[in-house]
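# Tertiary structure, described
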Amino acid sequence: MVKDITIGQFFPGTSVIHKMDPRMKLILTLVFIVFIFVCKNFYSLLLMVAALICIVFVSKISMRTILKGIKPVLIIIVITALLNLFYIKEGTMLVDWHFIHITTKGVYTAIFMVVRIMCLIVSSSLLTYTTSPTLITDGIEQLLSPLKFMQGSVHTVAMMMTIALRFIPTLIDEFDKITSAQKARGADLETGNLVERTKALIPVFIPLFITSFRRAYDLAFAMECRCYHGHKGRTRMKQMKYARRDYLSIAVMLVIIAGIILLNHFFGKVI
């Protein structure tokens, strides 16, 4: 399960999505996530799903990778679906057996929430799949540049966020190695109740924290040895410029937003 976590990984490519300006990708990803919550019925949500499928197709990211990113949060998706399925009492009763009560409203809401969560995961994952950590740093720094007038260390914030994303795959690999080493020594990490399994993970988390702090110290020392002082005097080999594809993506997003607003207006609210 740990190996299936793909957040923070970058898959190099030559697709239109890969070539887009990172600032535009950050903005459009945020807008896309916001309008996922604006959807009020299945018609508007279906429009978002169709748009997301087209984006995945254009990005040339394999469907196997997309599904692999959803797998680690599958338990959260299932729990969310069950809570909405059993606790919503509105609508026509479908199942009424002892303490189990399932209504049409509960079924609709469960399906709606599952699709919404999956869209959130896929849309946010596509940003890191198609954008290198360096470009994400530069994009965040450019977007937060107005905060410089408020004496805010924009570059430091952007660097911290990017380093955190960058080291997620590294920490996952480290966790997997430590877990395998503990199992080879006879540690039982998969049996027992929740409390016992949590206690069994202590020998895994302690070395993980130690290696994480050691890695952070090595990184800070390496940056200091290379005379890194943040954004002061820093230049970029490649300057970010908006291209025709970026303006075209804005137009497509505006069409999607208009479609969502119209579908919400004509078909009303389902959940």
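Residues numbered from 1 in each chain as written. Predicted model: local features only at pLDDT ≥ 70, side-chain atom pairs only at ≥ 80, totals over all residues. Heavy atoms only, no water.

This part is about the overall build of the protein chain. A count of helices and strands for the protein chain gives 11 helices and two strands. Dimensions of the protein chain along its principal axes, counting C-alpha atoms only, are 70 × 60 × 35 Å. Looking at the protein chain as a whole, 35% of its 271 residues qualify as buried. Excluding contacts between residues fewer than 6 apart, the proportion of contacts in the protein chain whose partners are at least 24 apart in sequence is 74%. Looking at the protein chain as shown, the accessible area adds up to about 17,300 Å², and 69% of this sits on carbon and sulfur atoms. (Helix = DSSP H or I, 4+ residues; strand = E, 2+ residues; numbered from the N terminus. Buried < 20%, exposed > 50% of the residue type's maximum accessible area, 1.4 Å probe, protein only. Contact = heavy atoms within 4.5 Å. Areas by Shrake-Rupley, 256 points an atom, 1.4 Å probe, with all protein chains shown as cover.)

Ranked by internal contacts, the top residues of the largest apolar core, which has 34 residues, are Phe 32, Met 48, Ile 66, Val 122 and Leu 126. For this core, the secondary structure elements donating two or more residues are α2 (22–38), α3 (42–59), α4 (63–70), α5 (74–87), α6 (104–130) and α11 (244–267). Looking at which element gives the most residues to this core, the answer is α6, with 10 residues. Grouped together as the second largest cluster of nonpolar side chains are six residues, Phe 175, Ile 178, Ala 200 and Val 204 included. (Core = buried A, V, L, I, M, F, W, Y, C linked by side-chain atoms within 4.5 Å.)

Below, the discussion takes up unusual backbone geometry. For residues besides glycine, phi is generally negative; the peptide bonds are generally trans as well. With a phi close to 65 degrees, Lys 60 is a non-glycine residue in the positive phi region. One can find Lys 60 in the loop between α3 and α4. Taking relative accessible area as the criterion, Lys 60 reaches 67% and is therefore assigned exposed.

Moving on: α4. What α4 keeps buried is the set Thr 65, Ile 66, Gly 69 and Ile 70. Along α4, the residues classed as buried sweep out an arc of 140 degrees about the axis, all on the same side. Contacts from the buried residues of α4 go to α3, α5 and α6. (Arc of directions from axis to C-beta.)

In short, the description is geometric, and any link to function would need to be established separately.
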